[in-house]
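# Residue-level structure breakdown
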There are 4 protein chains.
Amino acid sequence: MPSPAPETATLLIHCPDKPGLVHDVTGFIASHHGNIIDLQQHIDAGENTFFMRLEWSMDGFLLDRTEVDPRFSTLGRRHQMKWRLSFSADRRRIALFVTKENHCLYDLLARHESGDLGIDIPVIISNHETLRPAAERFGIKFAPFPMTRENRLEQEAAQIALLRDLRIDTVVLARYMQIVSPALIDEFSNRILNIHHSFLPAFVGAKPYHQAHERGVKIIGATSHYVTAELDQGPIIHQDVMRVSHEDTVADLVRLGRDLEKSVLAKALWCHVNDKVLVYKNKTIVFG
Amino acid sequence: MPSPAPETATLLIHCPDKPGLVHDVTGFIASHHGNIIDLQQHIDAGENTFFMRLEWSMDGFLLDRTEVDPRFSTLGRRHQMKWRLSFSADRRRIALFVTKENHCLYDLLARHESGDLGIDIPVIISNHETLRPAAERFGIKFAPFPMTRENRLEQEAAQIALLRDLRIDTVVLARYMQIVSPALIDEFSNRILNIHHSFLPAFVGAKPYHQAHERGVKIIGATSHYVTAELDQGPIIHQDVMRVSHEDTVADLVRLGRDLEKSVLAKALWCHVNDKVLVYKNKTIVFG
Amino acid sequence: MPSPAPETATLLIHCPDKPGLVHDVTGFIASHHGNIIDLQQHIDAGENTFFMRLEWSMDGFLLDRTEVDPRFSTLGRRHQMKWRLSFSADRRRIALFVTKENHCLYDLLARHESGDLGIDIPVIISNHETLRPAAERFGIKFAPFPMTRENRLEQEAAQIALLRDLRIDTVVLARYMQIVSPALIDEFSNRILNIHHSFLPAFVGAKPYHQAHERGVKIIGATSHYVTAELDQGPIIHQDVMRVSHEDTVADLVRLGRDLEKSVLAKALWCHVNDKVLVYKNKTIVFG
Amino acid sequence: MPSPAPETATLLIHCPDKPGLVHDVTGFIASHHGNIIDLQQHIDAGENTFFMRLEWSMDGFLLDRTEVDPRFSTLGRRHQMKWRLSFSADRRRIALFVTKENHCLYDLLARHESGDLGIDIPVIISNHETLRPAAERFGIKFAPFPMTRENRLEQEAAQIALLRDLRIDTVVLARYMQIVSPALIDEFSNRILNIHHSFLPAFVGAKPYHQAHERGVKIIGATSHYVTAELDQGPIIHQDVMRVSHEDTVADLVRLGRDLEKSVLAKALWCHVNDKVLVYKNKTIVFG
């Protein structure tokens with residue numbers, strides 16, 4: 001694992017646009033001797049809304065971690081801001097949900113082991129036993145929640161209890177072939193990432209590679225998005241595509257598409273845990 | 001304009017699959033001293049159907065152009081083949097349909113002038129006068145057909161009469177902002193190419209860039225397809241995409257997308273006029 | 001041509017990095033009632049250098065166009081900044097240099113006609129007569145400078161005189177098959193754009209498609225860069241690539257590559273004339 | 001693991017081009033009641049050389065596996081063919097060579113476990129102990145060969161002995177940070193795959209991401225090629241690229257590039273083990 005980078009703080013902000021916002025926010029940082037590492041802003045003229053990502057070094061910053069949010073709130077409230085503050089030292093605690101396919105799981109575990117993601121993975125949750133050996137190989141707790149029509153509500157409640165118990169921050173559906181419960185979506189709003197194996201909004205729902213083959217598209221895709229109540233309609237975080245041809249059968253698309261699925265999900269998760277993603281009205285601002 | 005390549009003949013074939021088809025077809029060529037330049041075949045196992053593209057040199061071939069089809073038909077009928085025979089010496093006669101946007105038009109005219117497409121363009125048809133100067137710059141007849149609710153049927157009939165009169169082989173809708181008539185679609189079955197400014201089947205219909213912006217996709221696309229009776233549902237010939245971000249307004253998508261539209265349409269037309277495309281059950285086989 | 005956007009001013013800045021730079025610069029804008037439209041900054045930690053692009057509306061700004069630079073200079077000098085100030089109302093005057101190939105030329109002329117580039121093109125310069133009709137079709141002055149070993153120095157001097165006379169801001173080598181003179185490079189430092197038909201630094205120099213075919217690469221590319229004294233070694237502005245295969249002959253690569261060349265050059269020019277590009281130590285910062 | 005596909009045989013052929021080759025070869029198959037599954041041919045007009053890939057079902061074929069090659073040789077010799085015959089039932093035995101980086105290794109092991117590659121991996125060889133746990137997790141023999149200046153020749157000989165002993169067919173250098181010995185290259189001609197972390201021929205040799213960053217390229221790449229005596233000069237099998245920007249440090253390129261490296265190496269290996277690759281004069285024909 002690479003040596004840890006120096007601690008930083010990150011603010012994700014949005015508010016009604018007006019002149020002077022960047023000056024005010026950077027003034028807050030400068031007045032406490034903060035050194036800005038990354039500043040990105042975006043104005044949606046149609047929405048008259050200002051978006052900003054600000055990352056600064058905590059090294060030499062005059063405020064303690066616990067003081068930052070209270071002190072910033074005066075400024076934030078004056079501009080009707082909504083903001084989220086995070087610290088790089090707080091490693092995100094991620095639960096992976098899987099079913100039977102191993103490609104996204106192994107991909108995330110390998111990235112995790114090499115330290116690329118900077119996360120903790122306290123648990124892998126599944127509705128099947130298939131991937132228990134994969135979890136055990138990497139020394140991660142495997143929690144099976146087999147689902148039947150009868151036990152579903154109970155199992156979903158038990159899942160949420162476990163996630164709370166493990167202080168999970170974010171849920172990643174790494175090819176989890178179940179609809180997640182409204183209660184889970186509520187509790188982890190904009191903190192459940194899914195990977196859908198199509199270029200959304202094309203081919204919503206089941207068997208997208210079959211749909212793509214049937215339609216005769218020349219390019220297939222994968223989409224990672226936050227899960228919302230409406231199936232495959234949540235804010236899109238990242239997408240990628242690859243070229244296919246008439247030679248490719250559905251089985252070929254399934255095989256080829258795995259490469260897209262794993263890289264797209266991993267990239268979306270990387271953006272999420274590095275506080276690059278801001279959700280606004282069912283769309284994302286993904287700062288580069 | 002580059003010097004003309006030697007004359008070739010091309011057969012596009014499909015039929016029920018069975019052993020020996022390639023051997024039989026290549027036997028026909030070999031027995032008349034033909035030299036194969038390109039042979040591609042594809043088997044759709046699900047459909048149990050055999051597809052083939054065969055191009056051979058007419059130089060030294062023992063049959064005259066007029067004799068090829070009659071002689072091949074014995075073999076073709078024995079295997080229940082459907083086939084299309086064409087000769088490179090027969091330049092395709094293309095009518096371009098445009099409205100007000102010039103990017104696809106200029107792109108095709110520039111390719112035409114440099115000889116890349118190997119086509120004739122006897123006429124540019126439009127429902128507006130806007131692009132008359134563009135046509136005139138390149139010395140191509142400009143035929144305006146302004147459409148009103150009252151004159152539509154009459155104008156559509158006049159268009160078809162003109163296309164017949166000019167012995168047009170293929171119609172290219174190069175950002176033509178009108179629904180074409182069922183009569184035209186019937187007459188030019190699988191010979192009308194359209195460019196749709198989205199990654200179909202996402203964002204069918206009007207204002208696809210607005211739809212894409214609204215949905216917050218991270219990639220936009222363009223699709224060239226043959227026109228069928230159902231809007232934006234015809235067989236896809238070629239697609240391409242590009243990455244966009246939250247920074248891009250609808251106006252940016254419109255501007256950026258033009259590059260996709262013109263290259264995708266030009267590539268589809270190139271495949272079409274070089275007899276690379278075979279349509280089967282609302283999908284295309286595009287031989288490389 | 002679309003209606004003109006409201007006038008903006010743009011500052012491109014770089015200087016040694018230190019805390020408070022964004023705050024100071026945005027303070028300058030805020031104190032004169034400027035409304036920031038785009039702010040992007042980048043810190044090169046290795047170089048300890050700060051880079052910034054700032055665009056603000058001149059609508060309601062308290063300083064006149066002529067006052068901005070003098071007033072900013074106090075701040076700029078305090079931070080050892082190098083900066084470039086430009087106004088959207090000042091349309092760039094571009095000279096296109098061509099030889100015989102028409103694809104980049106027509107592509108730029110079509111974009112110019114549709115108003116996408118927001119430039120003036122007072123002259124097309126060539127060492128051949130081939131593309132005179134293309135220039136004349138678009139009503140642009142065509143200035144031929146045929147080059148021989150004997151007249152070269154004289155012709156180059158005459159070119160520069162013409163460029164000065166026409167108050168040309170930027171030179172675009174749109175497939176100009178001549179080495180440009182050191183005097184021209186000096187006079188238009190970081191204001192001569194070239195398109196090289198390879199993915200630099202692969203295949204420097206002559207006949208890159210032949211080199212690519214010989215090496216058997218599976219992807220070809222095109223690169224637009226600023227011209228410096230060393231051939232094909234200047235700062236890269238934009239690059240793009242496409243997949244090819246063993247089927248593609250050198251002639252195919254030439255044909256296919258044209259699409260890359262024209263879109264890459266046009267994108268680079270768009271970035272350049274919209275003040276998105278900052279050159280630092282033979283590399284570019286291209287603000288998105 | 002998916003159920004095994006029916007057994008097929010594959011011929012990869014090249015020879016001087018002349019009329020009738022496809023007819024003759026398909027005649028051989030037809031005369032023994034073989035059903036062709038895939039037939040691809042390519043003619044290099046410049047080299048006057050004919051290339052072909054032919055795959056047919058062994059189900060119902062009148063010749064035994066051991067009879068195919070002897071019987072075909074009459075035809076092959078008549079046309080001065082060079083050919084390679086393989087059977088899908090013969091699983092390739094692959095040795096993976098690694099050093100310290102785990103991303104390509106885990107990626108290949110995950111694909112192996114899911115059955116995608118259809119190979120056996122009898123051994124993982126390394127010059128370091130770092131990845132022993134990774135090998136052991138997947139139950140694969142780990143053979144360390146630490147290299148010093150003194151023991152190099154001896155270790156290389158021992159490696160080859162081990163590869164022979166394990167009847168290894170193909171060696172994959174999955175980020176193996178050692179130059180392999182001429183003896184190994186000789187013994188496994190066109191059967192050693194390497195992944196180089198640049199878009200070859202750009203950035204040959206050490207630290208390609210540093211070179212790419214220094215040059216300021218806007219796109220990075222990865223290349224899988226067969227290893228020959230000349231460093232990074234072997235026949236290219238597959239390449240891919242991704243867009244980067246001035247924001248990306250060398251560390252970012254290293255991190256981002258891993259995704260390319262693993263997918264490009266895996267794709268190249270898939271083509272290799274499925275007999276899609278034919279090497280001719282330091283280039284590859286990769287049948288689709």
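Residues numbered from 1 in each chain as written. Chains lettered and ligands numbered in written order. Predicted model: local features only at pLDDT ≥ 70, side-chain atom pairs only at ≥ 80, totals over all residues. Heavy atoms only, no water.

## Observations concerning helix α7 (residues 208-215) of chain B
Worth spelling out the cut-off: Residue exposure (1.4 Å probe, protein chains only): buried if accessible area is under 20% of the type maximum, exposed if over 50%, otherwise partly exposed. Where helices and strands are cited, they refer to DSSP runs of H or I of at least four residues and of E of at least two residues respectively, numbered from the N terminus. To obtain the arc, one takes the directions from the helix axis to the C-beta atoms. The contact definition used throughout considers only heavy atoms, calling two residues in contact when any of these lie within 4.5 Å.
Among the residues of α7 of chain B, Pro208, Tyr209, Ala212 and Arg215 of chain B are the ones counted as buried. Each buried residue of α7 of chain B lies within a common arc of 130 degrees when the element is viewed along its axis, so the set occupies one face. Each element contacted by the buried residues of α7 of chain B is listed here: β11 (236-243) and β13 (283-286) of chain A together with β9 (192-196), β10 (219-226) and α8 (250-273) of chain B. With its phi angle positive at about 75 degrees, Gly216 of chain B sits one or two positions after the end of α7 of chain B.

## Section: the relation of the copies chain C and chain B
Note the threshold: For the least-squares superposition of copies, only C-alpha atoms count, and only for residues with pLDDT at least 70 in both.
The transform that puts chain C on chain B rotates by 180 degrees and translates by 0.0 Å along the axis, for an RMSD of 0.0 Å. Such a turn and shift between the copies fits a two-fold axis. If distances are taken from each C-alpha of chain C to the rotation axis, the shortest is found for Arg137 of chain C, at 2.8 Å. The residues that chain C uses at the interface reappear at the interface of chain B in 100% of cases, marking a shared surface.

## Side note on the confidence of the model for chain A
Fine structural detail should not be taken from predicted coordinates in areas where pLDDT scores are low. Quick note on the threshold: pLDDT is defined as a per-residue confidence score from the predictor, taking values between 0 and 100.
The predicted model of chain A has a mean per-residue pLDDT of 95, with 98% of residues at 70 or higher. For this predicted complex, the interface confidence reaches an ipTM of 0.94, while the overall pTM sits at 0.96.

## A short note on the pattern of salt bridges
To be explicit about the condition: In the sections that follow, a salt bridge refers to a side-chain nitrogen of Lys or Arg positioned within 4 Å of a carboxyl oxygen of Asp or Glu.
Going through the model one piece at a time under the given rule, you end up with 101 salt bridges over all chains. Between Arg132 of chain D and Glu136 of chain D there is a salt bridge, with its nearest N and O atoms 3.6 Å apart. Remark: Glu136 of chain D and Arg132 of chain D occur in helix α4 (residues 132-137); sequence separation between them is four residues, near one turn of the helix. Between Asp169 of chain D and Arg191 of chain D there is a salt bridge; the shortest N-O distance is 4.0 Å. Of this pair, Asp169 of chain D sits in the loop between α5 (152-165) and β8 (170-173) while Arg191 of chain D sits in the loop between α6 (182-187) and β9 (192-196), and the two are 22 residues apart along the sequence. Overall, Asp169 of chain D belongs to the partly exposed group, its relative accessible area being 21%. Salt bridges linked by common partners bring Arg84, Arg92, Asp169, Arg191 and Asp275 of chain A together as one network.

## Topic: the interface of chain A and chain B
The cut-off we apply is this: For any pair of parts, buried area is found by adding up, for both, the accessible area (1.4 Å probe) each one loses once the two are put together. Any pair of nitrogen or oxygen atoms within 3.5 Å is treated as a polar contact; in protein, a donor-acceptor pairing is required on top of that, and neighbouring residues in sequence qualify only through side-chain atoms on both sides.
At the interface, 32 residues of chain A touch 32 residues of chain B. Of the roughly 2700 Å² buried between chain A and chain B on both sides combined, carbon and sulfur atoms contribute 55%. The largest contributions to the chain A side of the interface with chain B come from Arg215, Lys218 and His246 of chain A, which together make up 26% of the buried area. Where chain A packs against chain B, one counts two salt bridges. Linking Asp240 of chain B and Arg243 of chain A is a salt bridge whose minimum nitrogen-to-oxygen distance equals 3.1 Å. The interface formed by chain A and chain B contains 22 residue pairs in polar contact (both at pLDDT 80 or more). Residue assignment for the side of chain A that touches chain B shows that the elements contributing at least two residues are β2 (35-44), α7 (208-215), β11 and β13 of chain A. For the side of chain A that touches chain B, the leading source of residues is β11 of chain A, giving seven residues.

## Section: the sheet that holds β9 of chain B
All names here are of chain B. Rules: For two strands to count as paired, DSSP must find a minimum of two bridges between them. Convention adopted: a line fitted to C-alpha atoms gives each axis, helices being fitted over their contacting stretch, and angles between N-to-C directions are expressed from 0 to 180 degrees.
Spatial strand order, β7-β6-β5-β8-β9-β10-β11: seven strands in an open sheet with mixed pairing. With one partner strand each, in any of the chains shown, β7 (142-144) and β11 (236-243) form the two edges of the open sheet. This sheet shows a mean twist of 20 degrees between the axes of neighbouring strands, independent of strand direction. Judged from the four bridges that link them, β9 and β10 form a sheet pairing that is antiparallel. Among the inter-strand pairings, His196 is bridged to a residue of β10, identified as Thr223.

## Focus on the domain arrangement of chain A
All names here are of chain A. Under the convention used in this document: Domain segmentation is taken from an automatic or database assignment of domains. Residues are sorted three ways: Asp, Glu, Lys and Arg are charged, Ala, Val, Leu, Ile, Met, Phe, Trp, Tyr, Cys and Pro are nonpolar, and all the rest, Gly among them, are polar.
Taken domain by domain, chain A consists of domain 1 (8-87) and domain 2 (92-286). Measuring from the centre of the C-alpha atoms in domain 1 to the corresponding centre in domain 2 gives 31 Å. Domain 1 puts 12 residues into the contact, and the matching count from domain 2 is nine residues. Counting the surface lost from both domain 1 and domain 2, the interface buries some 930 Å², and carbon and sulfur atoms represent 55% of this. Where domain 1 meets domain 2, there are two salt bridges. Across the pair Glu47 and Lys281 runs a salt bridge, and its minimum N-O distance is 2.9 Å. One can count five residue pairs in polar contact (both at pLDDT 80 or more) joining domain 1 with domain 2. Broken down by secondary-structure element, the contributors of at least two residues to the side of domain 1 that touches domain 2 are β1 (8-16), β3 (49-57) and β4 (82-87). Class assignment of the residues belonging to the side of domain 1 that touches domain 2 gives a composition of four nonpolar, five polar and three charged.

## Things to note about the relation of the copies chain A and chain B
Of the transformation placing chain A onto chain B, the axial shift is 0.0 Å and the rotation is 180 degrees, giving an RMSD of 0.0 Å. When the interface residues of chain A are mapped onto chain B, 100% of them again fall at the interface, so both copies present the same face.

## What to know about the interface of chain C and chain B
Each partner contributes to the interface: chain C provides 16 residues, whereas chain B provides 16 residues. Across the chain C to chain B interface the summed buried area is about 1700 Å²; carbon plus sulfur atoms make up 40%. Linking chain C with chain B are eight salt bridges. Where chain C packs against chain B, one counts 11 residue pairs in polar contact (both at pLDDT 80 or more). Contributions of two or more residues to the side of chain C that touches chain B are made by α3 (103-113) and α8 (250-273) of chain C. Of the residues forming the side of chain C that touches chain B, the biggest block, six residues, is contributed by α8 of chain C. Counted by class, the side of chain C that touches chain B contains four nonpolar, three polar and nine charged residues.

## Notes on the packing of aromatic side chains
How we decide: Each aromatic pair joins two rings of Phe, Tyr and Trp (for Trp, the six-membered one) with centres within 6.5 Å, and gets the label stacked for planes under 30 degrees apart, edge-to-face for over 60, and tilted for any other angle. Lysine and arginine charges are scored as sitting over a ring when NZ or CZ, respectively, is within 6 Å of the ring centre and within 35 degrees of the ring normal.
In this structure the tally under the stated criterion is 30 aromatic pairs over all chains. Arranged with centres 5.1 Å apart and planes meeting at 90 degrees, the rings of Phe97 of chain A and Tyr176 of chain A form a pair that is edge-to-face. Highlighted residues: Phe97 of chain A in strand β5 (residues 92-98) and Tyr176 of chain A in the loop between β8 (170-173) and α6 (182-187), separated in sequence by 79 residues. In this structure Tyr176 of chain A comes out as buried when scored by relative accessible area, which is 6%. Here the aromatic residues Tyr106 and Phe138 of chain A together with Tyr106 and Phe138 of chain D are joined through ring pairs into a cluster of three or more. The positively charged end of Arg137 of chain A is found above the aromatic ring belonging to Phe138 of chain D, 4.4 Å away from the centroid.

## Looking at the environment of Thr26 of chain C
Along the chain, the position of Thr26 of chain C falls in helix α1 (residues 21-31). Residue classification places Thr26 of chain C among the buried positions, given a relative accessible area of 1%. It is 13 Å that separates the C-alpha atoms of Thr26 of chain C and Ala9 of chain C, two residues lying 17 residues apart in sequence. With sequence-adjacent residues up to four places away left out, Thr26 of chain C is seen in contact with Val22, His23 and Thr26 of chain A together with Ile36 and Leu39 of chain C. Reaching out from Thr26 of chain C, the side chain makes a polar contact with the backbone oxygen of His23 of chain C at a distance of 3.1 Å.

## A few points about the packing of helix α7 (residues 208-215) of chain D against helix α8 (residues 250-273) of chain D
All names here are of chain D. Stated formally: Should an angle lie under 35 degrees it is considered roughly parallel, over 145 roughly antiparallel, and from 65 to 115 roughly perpendicular; all remaining angles are considered oblique. Should the near helix be turned counterclockwise from the far one by less than a right angle, the crossing is left-handed, whereas a clockwise turn marks it as right-handed.
In the contact formed by α7 and α8, the axes pass within 10 Å of each other and the chain directions differ by 120 degrees. In terms of orientation, α7 lies oblique with respect to α8. Judged by the sense of rotation from one axis to the other, the crossing of α7 with α8 is right-handed. Residues Tyr209, His210, Ala212 and His213 of α7 touch α8, and the partners they reach there are Val250, Leu253, Val254, Gly257, Arg258 and Glu261. Per-class residue counts for the contact of α7 with α8 are five nonpolar, three polar and two charged.

## Things to note about unusual backbone geometry
Each neighbour pair has its own omega, and for Leu200 of chain B with Pro201 of chain B the value is 10 degrees, a cis peptide bond. With respect to the secondary-structure elements, Pro201 of chain B resides in the loop between β9 and α7. Despite not being glycine, Asp275 of chain A has its phi angle at roughly 55 degrees, a positive value. With respect to the helices, strands and loops of the structure, Asp275 of chain A is situated in the loop between α8 (250-273) and β12 (277-280). For Asp275 of chain A, a relative accessible area of 8% translates into the label buried. Unlike most non-glycine residues, His33 of chain D shows phi in positive territory, near 65 degrees. Along the chain, His33 of chain D falls in the loop between α1 (21-31) and β2 (35-44).

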